[in-house]
Amino acid sequence: QLLPLASALSALFLILLTWALARATGNDRRTAFASGLVLLTGFACMGLPRISGSDMLFTAILTLAGICLYRGWIKAFAPLWLFAGFALVALSALAGGLLGLVLPLRKQGVFLLWRGTFRRAGARDGALAFGLLLVLLLAWGTFIAFGDGGRELLKTLLENEYLAPVLEAWKLQGQDSWIIVALLAVLWLPWTLLLLFLPWGRIGIVVNRKQRPGQGWLWCSAIVTLAVLALLGANMPVLLMPLLPPLAVLTAQGVLNLSARGSRGFFLLLAILLIALGLLFAAANIYPLFLGELPAPLSALQPTPLALVAALVQTCGLVLLGIILWKALNRSFAGGALLVLTFLVLVYTAPMTYYAA
């Protein structure tokens, strides 16, 4: 009975860290609040409490490590921030294997190169913090090795968690890199549709490196994470979790920068998408009653007899949610529409969460 509670608390912690990431990188409270709402309403995150708590914990560690490292690297001397950041990197390496080590190291390296302050990594506080990372990892390895059967266990862990992903990536040579990009495009719906309406001239991809380093950190976090996953040939949706907090902040910036016309267009398209999904689920529920089993690609939508109530809630809820967005909402005001959308999504997902529990 405590496992669902632990997962829910992990989800709440991740949302709070997304807010903290937005604030740490120089965004105002409105954008930080919107970042949490965006994370809540993405298709990938509507079921956050049902996602494995360990994956959310790994993502939370990486996000917190990123906040500490960013705060450390933008200062001339910040040993406490860097020591905390590299200690969390060590923890993420133990929790997430190769990804937990490579992602934060690559991300901060690219950020320092982009900012033109790569020499900062060789400063006394940076070198000592990196030394702390090595000491913690070596201490963990030594502790494991000197236990009962520890050497064999350590060998297995190193092979499976660190060497195997590299060898697999070398074998694939990037041929399946598109899979993780396609997964992200689907899992980040409905916010993927925002790309069609963004005022690109007002979105700072390349900004002043001195005055707004936080924007660079967010872009480096998103791009480097996606690039590493693509190079490793990642093809599991759960591996995209570390990408979601910085992507949520960037998406929130995009939503709040929408013009009135862009906001109307985006939320109208979102309403149409939700209605279409609801009708698709309805067809999946009705089809078997008259024509037998669904074709293979759609068979996942076919409910079991015990799930008919949930399927009905899912179908009616999506259609109703789409109609409300279309007809009963001021779609010109992006911030208000996002707030109402979040409320509707929470009301919609509550019965589903109860049924799943």
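Positions within a chain are numbered from 1, following the residues in the order the chain's sequence is written. This being a predicted model, a pLDDT of at least 70 is required before a residue's local features are given, and a value of 80 or more before pairs of side-chain atoms are given or counted; all residues contribute to the totals for chains, interfaces and linings. Each side-chain value is derived from all of the structure's non-hydrogen atoms; neither hydrogens nor water enter the calculation.

Once that is clear, we can look at the overall build of the protein. The way it works is that DSSP assigns letters per residue, a run of H or I at least four long becomes a helix, a run of E at least two long becomes a strand, and they are numbered from the N terminus. Summing up its helical and strand segments, the protein has 13 helices and 0 strands in all. Only protein chains enter the area calculation, which uses a 1.4 Å probe; residues under 20% of their type maximum are buried, those over 50% are exposed, and those in between are partly exposed. Burial statistics for the protein: of 357 residues in total, 45% are counted as buried. For the protein, the computed accessible surface area is about 18,500 Å², with 71% contributed by carbon and sulfur atoms. Method for areas: the Shrake-Rupley scheme with a 1.4 Å probe, in which residue coverage is limited to the protein chains shown.

With that settled, consider the environment of glycine 336. Mapped onto the fold, glycine 336 is located in helix H13 (residues 334-356). Exposure remark for glycine 336: the relative accessible area of 18% places this residue in the buried category. Separated by 80 residues in the primary sequence, glycine 336 and leucine 256 place their C-alpha atoms 9.8 Å from one another.

Membership of the largest hydrophobic core comes to 82 residues, with the highest contact counts inside it found for Trp188, Trp191, Leu321, Leu325 and Leu341. A total of 11 residues in this core trace back to one element, the largest contributor, which is helix H3 (residues 53-73). Any two residues whose heavy atoms approach within 4.5 Å at even a single point are treated as in contact. Not counting residues within four places of it along the chain, the set of residues in contact with leucine 321 comprises Leu274, Leu341, Leu344, Val345 and Tyr348. The term nonpolar core refers to a set of buried residues drawn from Ala, Val, Leu, Ile, Met, Phe, Trp, Tyr and Cys, joined through side-chain atoms within 4.5 Å.

Bringing the packing of aromatic side chains into the picture now. Classification of ring pairs uses Phe, Tyr and Trp, with its six-membered ring standing for Trp, and accepts pairs whose centres are within 6.5 Å; under 30 degrees between planes counts as stacked, over 60 as edge-to-face, and the remaining range as tilted. Tallying each qualifying case throughout the model produces 9 aromatic pairs. Summarising the aromatic geometry, the rings of tryptophan 191 and phenylalanine 266 are spaced 5.4 Å apart at their centres and angled 20° between planes, so their arrangement reads as stacked. With tryptophan 191 in the loop between helix H8 (177-187) and helix H9 (213-231) and phenylalanine 266 in helix H11 (residues 260-291), this pair connects stretches of sequence that are 75 residues apart. Take tryptophan 191: its relative accessible area is 2%, and that puts it in the buried class. Aromatic pair phenylalanine 197 and phenylalanine 266: ring centres 6.2 Å apart, planes at 70°, arrangement edge-to-face.

This part covers the packing of H9 against helix H10 (residues 244-256). One can describe the packing of H9 onto H10 by two numbers: an axis separation of 9 Å at closest approach and a directional angle of 125°. The angle between H9 and H10 places the two elements in the oblique class. Handedness of the crossing formed by H9 with H10: left-handed. Contact residues: H9 offers Gln215, Leu218, Trp219, Ser221 and Ala222, while H10 offers Pro246, Val249, Leu250 and Gln253. Class assignment for the residues of the contact of H9 with H10 results in 6 nonpolar, 3 polar and no charged. Angular values range over 0 to 180 degrees, each being the angle between N-to-C directions of two axes fitted as lines to C-alpha atoms, with helices fitted over their stretch in contact. Note that the term roughly parallel is reserved for angles under 35 degrees, roughly antiparallel for angles over 145, roughly perpendicular for angles of 65 to 115, and oblique for everything else. Left-handed is the label given to a crossing in which the near helix is rotated counterclockwise from the far helix by less than a right angle, and right-handed is the label when the rotation is clockwise. Gly is placed with the polar residues, together with every amino acid not listed as nonpolar (Ala, Val, Leu, Ile, Met, Phe, Trp, Tyr, Cys and Pro) or charged (Asp, Glu, Lys and Arg).

This part covers the pattern of salt bridges. One speaks of a salt bridge when a side-chain nitrogen belonging to Lys or Arg is within 4 Å of a carboxyl oxygen belonging to Asp or Glu. Throughout the structure, instances matching the rule amount to 1 salt bridge. Between arginine 120 and aspartate 125 there is a salt bridge, and its shortest N-O distance comes to 2.7 Å. We classify arginine 120 as buried; its relative accessible area is 10%.

Let us look at the packing of helix H4 (residues 79-96) against helix H6 (residues 124-145). Interaxial distance between H4 and H6 falls to 8 Å at its minimum, and their mutual angle equals 30°. In terms of axis orientation, H4 runs roughly parallel to H6. Like other packed secondary-structure pairs, H4 and H6 cross with a definite hand, here right-handed. Touching Pro79, Leu82, Phe83, Phe86, Ala87, Val89, Ala90, Ala93 and Leu94 of H4 are Asp125, Gly126, Leu128, Ala129, Phe130, Leu132, Leu133, Leu136, Leu137 and Trp140, all from H6.

This part takes up empty space enclosed by the protein. Which parts of space are left empty comes out when a probe the size of a water molecule is rolled across the atoms. Grid spacing is 1 Å over the protein atoms alone, the probe is 1.4 Å, and a cavity is where that probe fits but cannot get out, while a pocket is an open set with protein on both sides within 12 Å along at least five of seven lines and lining residues have an atom within 4 Å of a point. Grid points are joined across faces, edges and corners, and a volume is the space filled by probe spheres set on the points. Applying the stated rule across the entire model yields 2 cavities of 30 Å³ or more. By volume, the largest cavity is sized at about 120 Å³. The wall of the largest cavity is formed by 13 residues, among which Leu62, Thr63, Lys107, Pro242 and Pro246 lie closest to the centre. Among the elements of the structure, H3, helix H5 (98-115), H9 and H10 are those that each provide at least two residues to the lining of the largest cavity. Across the lining of the largest cavity, the residue classes break down as 8 nonpolar, 4 polar and 1 charged.

Turning our attention to the environment of isoleucine 15. Relative to the elements of secondary structure, isoleucine 15 occurs in helix H1 (residues 2-24). With relative accessibility at 16%, the residue isoleucine 15 sits in the buried group. Sequence-wise, isoleucine 15 and serine 35 are 20 residues apart; in three dimensions their C-alpha atoms are separated by 8.4 Å.

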